[in-house]
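Chain by chain, the residues run as shown.
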Amino acid sequence: MRRLWRYQETYVALVIVILSLAITLLNPNFLTLENLFDLLKSYTFLGILSIGVLFVLISGGIDISFTAVATVAVYTTMYVTLQHGGNIATVLLMSAAIGASLGLINAAIIYFFNIPSIITTIAMLNVYYGLLTVFSGGTWLYNMPEWFRRFAETNVISLVNPDGVPYGLSVIPLIWFAVIVAAGIVLRYTMLGRGIYALGGNPASAQRAGFNILTLNLFVYGFMGLLAGIAGVVEVMLAQRVATNSMVGKELDVIAAVVLGGASLTGGVGTLWGTLLGVALVGIIGNGLTLMRISSYWYNVFIGLTIIVSVGVSAYRRKLQRKRTMTVEVE
Amino acid sequence: MAQPFLSMKNISKRYIGVQALDRVDFEVAHGEIHCLVGENGSGKSTLIKIISGAVQPDPGGTIEIDGERFHDYHSIDAIRKGIEVIYQDLSLFPNLSVAENIALGEILASGDRFVNWAAVYEIARRSMARIGVRLPLDELVGEISIADQQLVAICRALTRDVRLVIMDEPTASLTRKEVEALFNVVRDLQSKGIAILFVSHKLNEVLQIAERVTVLRDGRNIGCFPAQTLDDRKLAELMTGKQLEYSRPVPVKLPEQPLLEVRHLSLRGNFRDITFQLRAGEILGITGLLGSGRTELALALFGVNPAQSGEIRVDGRPVHIKSVQDAVRLGIGYVPENRLTQGLVSQQPVSRNIVLTILERLVNRLRLIDHRTVRSTVKHWIEQLSIKVPSPEAPVQTLSGGNQQRVVLAKWIATQPRILILDGPTIGIDVAAKSAIHEIIRDLARRGLGIIMISDEIPEVYHNCNRVLVMHKGCVIAEFDTARASEDDIQQCINQLG
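Note that residues are indexed from 1 along each chain, following the sequence as it is written. Note on labels: chains are lettered from A, ligands numbered from 1, in written order. Only residues with pLDDT of at least 70 get local features here, since the model is predicted, and only at 80 or more are side-chain atom pairs given and counted; chain-wide, interface and lining totals rely on the full set of residues.

Observations concerning the overall build of chain B
- Counting its regular elements, chain B contains 17 helices and 20 strands.
- For the radius of gyration, the atom set is restricted to C-alpha positions; the globular benchmark scales as 2.2 Å times the number of residues to the power 0.38. On C-alpha atoms alone, chain B measures out to a radius of gyration of 25 Å, which is about the 23 Å that the 2.2 N^0.38 rule sets for 498 residues.
- Overall, the C-alpha framework of chain B stretches about 75 × 50 × 50 Å when taken along its three principal axes.
- Every C-beta atom is placed from the backbone, and the number of other C-beta atoms within 10 Å of a residue's own sets its class: buried at 20 or more, exposed at 12 or fewer, partly exposed in between. Out of the 498 residues in chain B, the part that is buried amounts to 43%.
- Pairs at least 24 apart in sequence give 69% of the contacts found in chain B among residues at least 6 apart. Numbering of helices and strands runs from the N terminus, with a helix taken as a DSSP run of H or I at least four residues long and a strand as a DSSP run of E at least two residues long. In this description, a residue-residue contact is defined by the distance between C-beta atoms placed from the backbone, which must lie within 7 Å.

Okay, here's the thing in C-alpha cells:
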C-alpha cells in the first residue's frame, strides 16, 4: 500500500476520482454511460498515439514526427482509396504500413547517424509534412466512400437513454482496445518489450547483455509509425474528411498525456496503465469543462496546471527522499 | 601443481603508441581467490578484457582454459568456458526489478521470445540460493543499496555454470561492513569450486581475501606471490617500484587562538554534542564506521545540512552557517568524497573545472570573464599541484583518479579557503598518487590552512593528522594525539565498536 505512493500513476488516478466526483456534483450527466461512450470515441485518436509515444519514451527516445506521419499515411491512403476503391481493412492496413515505413526511416536515421531522436524527428516532421503539402497543394479530401462512413457510425452496443434518444458504444474505441491489449502483451510478456525497458534504463548494459539495439530501435519507431497510421484513419473516421493540417501541432498534447501518466523523458520508466490514466485525465478535463459550461479557452490552462501539479507532486516527493538519503550516498 | 583453470603465456597487447601488456604470463588455479593489482595504466584492465574475450591479444601468446588451447579467443569462448566478468559499473538496469536483472541475460541467451515470469523468479531464486543471500526480488535495482546491487550482479553471473568470476574493483563504493559481507560471499563461491579473480587497489583488502596476488607494473608481470608473504608496504613497493616511506608530520607550534571552534553542535538523527577545535596549520582527522555521522558533520559545517543547535566560532567570533554561501564566505571549502558526482563536471575541461568556484574574481572591468587571467590561473594551479594533463582543455573524465582528485583540490584551494574539509581525499586512488596527494595536503597545512580530513583508513589519518577524532553513532567517542598514540591504539578503538 505504502509502495503505491511512489508511483505517479497513483496520483493521477486520485486526481481523476476527485475530478469526476466534482464534475458529477455540478452536472450529473457526466457520470452516465452515454457520456462515457462518447468520451471513449473522441479520445481514441489521442489514446492510440499515446501508446506509441509510451514505447518511444520507455526506450529512452522521443518522437515529435508522428502527427505528420499520421497525416501523410491517411492522406495517401484515402487518396488511393478514393481513386481505386477498397474496404475498411485495406484502409487500415495501408495507412498502418505507410506509417510504419516512415517510422522505420526515423529509426534508421537515429541509429546509423547517431543523431538524437528529438532532432531527427523534428527534422523528419518537417520533411514528411512539407512533402505532403507540396504534393497535395493543401487540398482537403471530401466525399469519403459510403462504406467508410457506415463503418465509422457503427455501434457495437446500442442503447436508448431516458429521453428516448438512441446512443451506443462506437466500433472506433475497439481499435484502441485492440492496440492496448497488443501493447500490454508486448511490453510485459516478450523479450522485445523487456529489451525496450532495458535499453531505456541503461543502453550500454543492454548492448552488453546481448540485446540487438538496431532491432529494438526499428521496432519502437516502426510501431509508433504504425499506430500513427491507424490513428490517422481514426481521425478521418470521426471527421469524415481528410484535412492536411488538422493533426500536426498536437504532438505535445499526446506527449503531455503520456508524461502525465508517469512515463519519464529520460527513458526506462512508464506503464501502460499510467498512459491510459494520463489520457483519461486529459479527456475528463476537456469533457468536464464543457459539461460545466466553462469556456474552452480555459482548457489549455487546466491541462497545463494539471501536469505541473501531478508531475510536481511525485517529483517533489522524490526530491525529499533524495535529500533524506543523500548522506547515505555520500558515504 | 595441478593443471590451472586458466593459463596465459606470453600475452602482449600494443595499442597505438602504448604497450599495454608486455609478454605477460598469468595463471588462475581451479577454485582459488586470486588478486590482480597494479596502478592505473599498469595493464590490469587490458588483461581482464583479454580474459573476457572482449579484446584479442597480439599474435604470439597462448591462452589455455581448462586444458583446452585457444588460437582465436573471443567473448563467446569465455562464456562457454564459464568465465563471467562483473564490471565496476555493474551493468545493471536501475529501472528493472532485482529478479529481472538477475534472469534477463539467461533468458536472452536461451533465445526465448516470450517472458515466463515464473521462470524469471525461479532463475533468480536459484541463483540467490547458490550464495545464500536474500534480496527483495520485486524491488527496483535503482532503489537498493550499492552493496545489494553488487550482489545482484554476482547472482546474475551465477545463473550459468560459472567457473571463474572476475570482479573489477568490487569494493570501490562499499563500506567496510559491506566489504566483509562481500568477502563472505566470495569465500562461499570458492567453497563451491568457483575461482575468483579480484581486481583492486585497496591493498589491505587484497591481502585479507587473496590466496595469491599477481602484480602488474607498466604492462609487465612483476610476479605472483602467496598473500602470506606480503604486507601493505611490500605490495605498494612492488606496484610502484619505489621505496615508500610514510613520513610523520613535523610537529610545529600551532597558534593559541583556534581557527575553528565547534561547541555542542547537534543535528537530530545525524550527530550530537560535537565539540572540537581546529587551529591554523593543523590537520584534524575524523574517522569512524559508516553512519558514525562524520560526513553529516562535514555537511553541516559546509552549510549543506545546517546543524540545529550548538555554536560555531571562526577566529573566536560566533558565526551562523545556514547555507553553502555562508560557509564559503567564512572561507570554508569542502571536497566531497564522491568527486565524480559532486565535485567535478566531468565532461568539461580541466581548466573550466578549476576556475568554476572563482569565476567571480576573474572578470575584467566590463564584468566579462577575462580569458587571459583564466589561462594564467589555470596554469598556476596545474603546476602547483602537478596535475598531469595533455592539455588544460582535456575533459576531466579522461584523467586518472589521482589527477581528478588534484583537480578537485585545485578547484577548492583556488578559492583560498582558510578551512578545508576533505572527505575521503584518496578514495579510489592508487598508492603513488595517494602519497602525492598527502604531500599536497600537508603543504597546505604548512601554509596555515586548518584542515579536517575524514577517512576510513586509519594509516591515512594517523600518518597525516596532528589529532584524530573517532566518531560513533553521531558522537565523538575518543580523541588521539598522533604524537603520543600509536596506529594500533586507534585501530583497537575502532575494532571495539564492531
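Some words on the confidence of the model for chain B
- Confidence of the predictor in every single residue is expressed as pLDDT, which spans 0 to 100. A residue-level look at chain B finds 96% of positions with pLDDT of 70 or above and a mean pLDDT of 86.
- Confidence estimates for the predicted assembly give a pTM of 0.77 and an ipTM of 0.88.

Focus on the interface of chain B and chain A
- Between chain B and chain A, the contact holds 24 residues from the first and 19 residues from the second.
- For the side of chain B that touches chain A, the secondary structure elements donating two or more residues are α3 (98-110) and α9 (294-301) of chain B.
- Counting residues per element, the side of chain B that touches chain A draws most heavily on α3 of chain B, which supplies six residues.
- Lys, Arg, Asp and Glu make up the charged group, whereas Ala, Val, Leu, Ile, Met, Phe, Trp, Tyr, Cys and Pro make up the nonpolar group; the residues left over, Gly among them, are polar. For the side of chain B that touches chain A, the per-class residue count stands at 13 nonpolar, six polar and five charged.

Focus on the pairing of strand β4 (residues 62-65) of chain B
Residue and element names in this part refer to chain B.
- Burial along β4 is one-sided: I63 and I65 are buried, and none of T62 and E64, which face the opposite way, are.
- Two strands are counted as paired when DSSP detects at least two bridges linking them. Sheet topology note: the β4/strand β5 (residues 68-70) ladder contains three bridges and is antiparallel. In the strand pairing of β5, I63 is matched with F70.

Focus on the sheet that holds strand β3 (residues 33-37) of chain B
Residue and element names in this part refer to chain B.
- Read from one edge of the open sheet, six strands run β6-β7-β8-β3-β9-β10, paired in mixed fashion. Whereas interior strands pair on both sides, the edge strands pair on one side only; in this sheet they are β6 (83-86) and β10 (220-226). Within the sheet, the average angular offset between the axes of one strand and its neighbour, ignoring direction, is 20°.
- As paired strands, β3 and strand β9 (residues 212-217) are joined by four bridges and run parallel to one another. Opposite L36, over in β9, you have T214 as the bridge partner. Axes here mean lines fitted to C-alpha atoms, for a helix over just the part in contact, with angles spanning 0 to 180 degrees between N-to-C directions.

Let's talk about the domain arrangement of chain B
All names here are of chain B.
- Where a domain begins and ends is set by an automatic assignment or by a domain database. Segmentation of chain B into domains returns domain 1 (6-240), domain 2 (245-331 + 417-498) and domain 3 (345-412).
- Each of domain 1 and domain 2 has a C-alpha centre, and the two are 36 Å apart.
- On the domain 2 side, the residues contacting the 10 residues of domain 1 number seven residues.
- A class-by-class count of the residues in the side of domain 1 that touches domain 2 yields three nonpolar, four polar and three charged.

Remarks on the packing of helix α14 (residues 401-413) of chain B against helix α15 (residues 431-446) of chain B
All names here are of chain B.
- Packing of α14 against α15 brings their axes to within 10 Å, and their N-to-C directions diverge by 15°. For the element pair α14 / α15, the angle class is roughly parallel. With respect to the hand of their crossing, α14 and α15 are arranged in right-handed fashion. Of the residues in α15, those touching α14 at G402, Q405, L409 and I413 are A433, A436, I437, I440 and L444.
- Of the residues contributing to the contact of α14 with α15, the split by class is seven nonpolar, two polar and no charged. Comment on the angle field: the value is read as roughly parallel under 35 degrees, roughly antiparallel over 145, roughly perpendicular from 65 to 115, and oblique elsewhere. Two helices that cross are described as forming a left-handed crossing if the nearer one is turned anticlockwise from the farther one by less than a right angle, and a right-handed crossing if clockwise.

Considering the environment of K473 of chain B
- Note that K473 of chain B resides in the loop between β19 (467-472) and β20 (475-481).
- Between the C-alpha atoms of K473 of chain B and R294 of chain B, which are 179 residues apart in sequence, the distance is 9.4 Å.

Observations concerning the sheet that holds strand β12 (residues 271-278) of chain B
Residue and element names in this part refer to chain B.
- A sheet is described by the order of its strands in space; here four strands give the open sequence β12-β11-β14-β15, paired in antiparallel fashion. Lying at the two open borders of the sheet, with one neighbouring strand each, are β12 and β15 (317-319). Taken pair by pair, the neighbouring strands of this sheet meet at an average axis angle of 25°, ignoring direction.
- In this structure, strand β11 (residues 260-267) lies alongside β12, joined through five bridges in antiparallel fashion.

Some thoughts on the packing of α3 of chain B against helix α4 (residues 117-131) of chain B
All names here are of chain B.
- Look at α3 against α4: their axes get within 8 Å of each other, and the N-to-C directions meet at 95°. For the element pair α3 / α4, the angle class is roughly perpendicular. For the pair α3 and α4, contact is made by V98, A99, E100, I102, A103 and E106 and by V120, Y121, I123, A124 and S127, respectively.
- Class assignment for the residues of the contact of α3 with α4 results in eight nonpolar, one polar and two charged.

Observations regarding the nonpolar core
- If you look at the biggest cluster of nonpolar residues, it comprises 156 residues, and the most contacted ones within it are I48, L49, V220, M224 and L227 of chain A together with I196 of chain B.
- It is helix α11 (residues 213-239) of chain A that provides the largest number of residues to this core, a total of 15 residues.
- Beyond its immediate stretch of four places on either side in the chain, I196 of chain B contacts I33, H34, V165, M167, V186, L189 and Q190 of chain B.
- One nonpolar core equals one set of buried Ala, Val, Leu, Ile, Met, Phe, Trp, Tyr and Cys residues connected by C-beta atoms within 7 Å. With 70 residues, the next largest nonpolar core counts L259, L301, L409 and A445 of chain B among its residues.

Details of helix α6 (residues 176-191) of chain B
All names here are of chain B.
- Here, expected helix span is obtained from the residue count minus one, scaled by 1.5 Å. For α6, which comprises 16 residues, the first-to-last C-alpha distance of 23 Å matches the rise-based estimate of 22 Å (1.5 Å per residue) to within 8%.
- Of the residues making up α6, those classed as buried are L182, V186 and L189. Taken end-on, α6 shows its buried residues confined to a sector of 55°, consistent with a single buried face. Opposite the buried face of α6, by more than 90 degrees, sit the exposed residues E180, R187 and S191. For this quantity, the arc is that covered by the directions from the helix axis to the C-beta atoms.

So, the confidence of the model for chain A
- Scored by pLDDT, chain A has a mean of 90; 96% of the residues are at 70 or more.
- Note on residues 325-331 of chain A: pLDDT is under 50 here. Beyond four places in sequence and across chains, it has 10 contacts.

Points about the environment of L252 of chain A
All names here are of chain A.
- Tracing the backbone through its elements, the reader meets L252 in helix α12 (residues 251-260).
- The exposure class of L252 is exposed, given the 11 C-beta atoms found within 10 Å.
- Put simply, L252 and I64 are 188 residues apart on the chain and 7.9 Å apart in space, counted from C-alpha to C-alpha.

Quick look at the pairing of β20 of chain B
Residue and element names in this part refer to chain B.
- Of the strand pairs in this sheet, β19 and β20 are connected by six bridges, and their pairing is antiparallel. Opposite M471, over in β20, you have V476 as the bridge partner.
- Where β19 folds back on β20, the antiparallel hairpin that results is connected by two residues, among which K473 adopts a positive phi of roughly 50°.

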